[in-house]
Amino acid sequence: FTAPISVVFSLLCLYIVNLLKVLHNSLSYRLKVAIKKGELVAYYQPIIDAQTGYIVGAEALVRWFKPDGTIEPPGRFIQILEESELINELTLQLLRNIPVDLVDVLKESPNFRCSINLVPQHLESADFSDQLILLAEQGFPCHQLAIEITERYPLKNLRQARINVDKMKALGVCIELDDAGTGYGGASYLQELNIDVMKIDKLFVDTLIISPDRTQVLDANIQMALTLGMQIIAEGVEASSQSKTLLDKGVRFQQGFLFAKPLSAVEFVAFWHESYQAHDKSDSTDIPSL
Ligand code: C2E
Ligand code: MG
Ligand code: MG
Ligand code: MG
């Protein structure tokens, strides 16, 4: 009697697994079509120098403009792209759009940098850095680009990653460690990959409000970055008290809903113009660069 039950159970599991595969494939197929049709576009979140209020950069964050009129954030689909070749197509498309979307900003503000999120496969094969070299030859402003390497995933081939990072650095690209302190890389990535900027994850920025007496990890991260001569960007700054405390701790560059949410390209450029005009240009030499 038990044998048939286990057979039925196995068949049921197989059925469920296949059903999940079909659903997964159909989403990845829809994403492939969406990339071709240009439905995946970048929103840009400002990065602010909290000391002067200047916008020093932006992070490109993908959004899916679905045919039904809704806008989907990356949380529900980015992993599917990241697990396939599709992420290469998406990243290149976002990259090519940066000089178009931000043309005025990049021209008027030579120190402004826009960052883009990469995954390990971009670093572990030469394809991405080679594409970037091609783009640079066509006039892409690499000195106004930053790449974000996340700590969420392990890098299997650190040596190859370093070779590609060096190629990008030679083009003037700034190298940032994203989600710092949350994942695999830790201190080893910082030196092995010759990181220029540490992006301190929201998790640690949150401790300033949730448990202000337990900010040792935040402080240690800041100290490590400063000791290694890196710039720091604090992510997920939502309250002015957080911003102020971070500034006191030496973290000038900040990103978060306190300043702005990720904005469409048109909104971002308007936001930038407004902020740029509000500032006295005579002290423009004081604008720090990322
Ligand atoms: P991330 O790179 O760490 O980006 C920061 C995320 O935090 C963004 O979420 C941003 O909207 C959000 N955020 C910024 N400030 C605040 C704040 O003050 N409060 C809160 N609650 N959230 C804040 P988003 O746009 O949903 O992106 C989520 C993640 O998806 C990104 O995390 C990144 O890992 C990934 N992602 C986004 N765009 C791309 C892309 O083009 N390529 C790749 N590979 N990954 C991407
Ligand atoms: Mg990022
Ligand atoms: Mg981040
Ligand atoms: Mg993050």
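Residues numbered from 1 in each chain as written. Chains lettered and ligands numbered in written order. Predicted model: local features only at pLDDT ≥ 70, side-chain atom pairs only at ≥ 80, totals over all residues. Heavy atoms only, no water.

Visitor: I'd like a rundown of the nonpolar core, residues and numbers included.
Guide: One broad trend across soluble globular proteins is that nonpolar side chains are buried collectively. Ranked by internal contacts, the top residues of the largest apolar core, which has 74 residues, are Tyr44, Leu81, Leu95, Leu102, Phe112, Ile147 and Phe268. No other element matches helix H3 (residues 86–101), which puts 7 residues into this core. If near-sequence neighbours (up to four positions away) are discounted, Phe268 is found in contact with Tyr44, Gln45, Pro46, Ile55, Gly57, Ala58, Leu102, Val105, Phe112 and Leu263. Within the second largest apolar cluster, 8 residues are counted, among which are Ile47, Val56, Ala146 and Phe253. (Core = buried A, V, L, I, M, F, W, Y, C linked by side-chain atoms within 4.5 Å. Buried < 20%, exposed > 50% of the residue type's maximum accessible area, 1.4 Å probe, protein only. Helix = DSSP H or I, 4+ residues; strand = E, 2+ residues; numbered from the N terminus. Contact = heavy atoms within 4.5 Å.)

Visitor: Kindly report on the site of ligand 1, identifying the contributing residues and their values.
Guide: By nearness alone, 24 residues border ligand 1, and Arg63, Arg152, Asp178, Glu238 and Phe257 come closest of all. A distance of 2.9 Å separates an oxygen atom of ligand 1 from a polar side-chain atom of Asn117. Between ligand 1 and the protein, one listed contact pairs an oxygen atom with a side-chain N or O atom of Arg152 at 2.9 Å. Isolated, ligand 1 exposes 800 Å² of accessible area, and the fraction of that covered by the protein chains is 83%. Every element with two or more residues in the shell around ligand 1 is listed here: strand E2 (55–65), helix H2 (78–82), H3 and strand E6 (174–180). For the shell around ligand 1, the element with the most residues is E2, which contributes 4 residues. Its residues assigned to classes, the shell around ligand 1 comprises 10 nonpolar, 4 polar and 10 charged. (Near = heavy atom within 4 Å. Polar contact = N/O pair within 3.5 Å; in protein donor to acceptor, adjacent residues only side chain to side chain. Areas by Shrake-Rupley, 256 points an atom, 1.4 Å probe, with all protein chains shown as cover. Nonpolar A, V, L, I, M, F, W, Y, C, P; charged D, E, K, R; others polar.)

Visitor: An account of unusual backbone geometry is needed here, citing residue identities and associated values.
Guide: In this structure, Asp179 takes a positive phi of about 55 degrees despite not being glycine. Examined against the element boundaries, Asp179 turns out to sit in strand E6. Residue classification places Asp179 among the buried residues on the basis of a relative accessible area of 12%.

Visitor: So what about the coordination of the magnesium ion (ligand 2)? Which residues, and what values?
Guide: At 2.0 to 2.2 Å from the magnesium ion (ligand 2) lie its protein donor atoms, namely Glu59 (OE), Asn117 (OD1), Glu148 (OE) and Asp178 (OD). Spacing between the donor residues of the magnesium ion (ligand 2) along the chain follows E-x57-N-x30-E-x29-D. A distance of 3.3 Å spans the gap from the magnesium ion (ligand 2) to the magnesium ion (ligand 3), which Asp178 bridges by coordinating each metal. Of the two residues, Asn117 is situated in strand E4 (residues 113–118) and Glu148 in strand E5 (residues 145–150); the sequence distance between them amounts to 31 residues. (Donors = N, O, S within 2.8 Å, 3.2 Å for Na, K, Ca; no water.)

Visitor: Requested: an account of the packing of aromatic side chains, with residues and values cited.
Guide: Going through the model one piece at a time under the given rule, you end up with 5 aromatic pairs. Where Trp64 meets Phe77, the ring centres are 5.6 Å apart and the plane angle is 80 degrees; that geometry is what we call edge-to-face. Here Trp64, found in strand E2, pairs with Phe77, found in the loop between strand E3 (71–72) and H2; they are 13 residues apart in sequence, far enough to count as distant. Summarising the aromatic geometry, the rings of Trp272 and Tyr276 are spaced 4.6 Å apart at their centres and angled 20 degrees between planes, so their arrangement reads as stacked. Residue Trp272 and its partner Tyr276 are both found in helix H12 (residues 265–278); the two are separated by 4 residues, about one turn of the helix. Overall, Trp272 belongs to the buried group, its relative accessible area being 1%. In textbook terms, an aromatic cluster arises when at least three aromatic residues are bridged by ring pairs, as seen for Tyr44, Phe112 and Phe268. The ring of Trp64 has Lys66 sitting right over it, with the charged end atom 4.9 Å from the ring centre. Looking at Lys261, its charged tip hangs above the ring of Phe257, at a distance of 4.8 Å from the centre. (Phe/Tyr/Trp six-rings, centres within 6.5 Å; stacked < 30°, edge-to-face > 60°. Lys NZ or Arg CZ within 6 Å of the ring centre and 35° of its normal.)

Visitor: Can you explain the pattern of salt bridges? Please cite residues and give values.
Guide: Taken as a whole and judged by the stated rule, the model has 15 salt bridges. Close ionic contact of Glu148 with Lys199 constitutes a salt bridge, the shortest N to O distance being 2.8 Å. Separated by 51 residues along the polypeptide, Glu148 in strand E5 and Lys199 in strand E7 (residues 197–200) bring together distant segments of the chain. Lys199 sits in the buried class, given a relative accessible area of 0%. Look at the salt bridges and you will find they share partners, linking Glu59, Glu148, Lys199 and Glu235 into a network. (Salt bridge = Lys/Arg side-chain N within 4 Å of Asp/Glu carboxyl O.)

Visitor: Outline the pairing of E2, supporting the account with residue identities and numerical values.
Guide: Most of E2 is tucked away, with 10 of its 11 residues classed as buried. Alignment of strand E1 (residues 40–49) against E2, held across 9 bridges, turns out to be antiparallel. Paired with Val41 across the bridge in E2 is Arg63. With antiparallel pairing between neighbouring strands as the criterion, E1 and E2 make up a hairpin whose turn holds 5 residues, including Gly53 at a positive phi of roughly 90 degrees. For E2 and E4, the ladder comprises 3 bridges, and the chain directions are parallel. (Pairing = 2+ DSSP bridges.)

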